[in-house]
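An overview of the molecular structure
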Amino acid sequence: MKFISLTTMIMSAAVLAGIVTAQSEPTGYPCSPRVLAVQYACGTLPLFNGGLPYLYFCEADSTITVVKTCNCASCCNVVNGGVGAGGTYSCT
C-alpha cells in the first residue's frame, strides 16, 4: 500500500513539473481571446520572466510569438494593437 502511494506521489510530481515547464515559455500557445490575430499585446505568466510582462505578437494562426521580455511590471505598452496608423508598442 505504501509503495502505491509513493508511486502515485512521484507520478503526480512529474505531471506538475511538466505543467510548470510548459508554462515557462509561452511561444506557440494560443493567443488570448481578447487579442486579434496579427497584433501585438502584453502578457504575464507567473513562471515566465519572473512574473513580469512580456511583449508578444499574435500570429495569423492565433498563436503567440514572444518578441521581448520587459524589466518592470508597468514596462509593457501596446496602443491600437501595435500596428497600422497610430499603433505603437514598447517593452523596456
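Right, let's walk through the structure included here. (Residues numbered from 1 in each chain as written. Predicted model: local features only at pLDDT ≥ 70, side-chain atom pairs only at ≥ 80, totals over all residues. Heavy atoms only, no water.)

Quick word on the sheet that holds strand β3 (residues 64-69)
Taken in spatial order, the three strands line up as β1-β2-β3 in an open sheet, and their pairing is antiparallel. Strands at the two margins of the open sheet, each flanked by one partner only, are β1 (39-43) and β3. Adjacent strand axes in the sheet meet at a mean angle of 30° when their direction is disregarded. (Pairing = 2+ DSSP bridges. Helix = DSSP H or I, 4+ residues; strand = E, 2+ residues; numbered from the N terminus. Axes fitted to C-alpha atoms, helices over the stretch in contact; angles between N-to-C directions.)

Regarding the state of the cysteines
Evaluated as defined, the whole model comprises four disulfides. Residue pairing for C31: its cysteine sulfur links by disulfide to C58, the two sulfurs lying 2.1 Å apart. On the S-S bond that ties C31 to C58, the torsion sits near 120°, and the link is right-handed. Taken together, the positions of C31 in the loop between α1 (2-23) and β1 and C58 in strand β2 (residues 54-58) put the pair 27 residues apart, joining distant regions of the chain. No difference in accessibility class separates C31 from C58, as the two residues are buried. Note on cysteine connectivity: C70 is disulfide-linked to C91, with sulfurs 1.9 Å apart. On the sign convention where negative is left-handed, the bridge of C70 and C91, at about -130° about the S-S bond, is left-handed. Within this pair, whereas C70 is found in the loop between β3 and β4 (76-79), its partner C91 is found in strand β5 (residues 88-91), the two being separated by 21 residues in sequence. (Disulfide = S-S within 2.5 Å. Buried < 20%, exposed > 50% of the residue type's maximum accessible area, 1.4 Å probe, protein only.)

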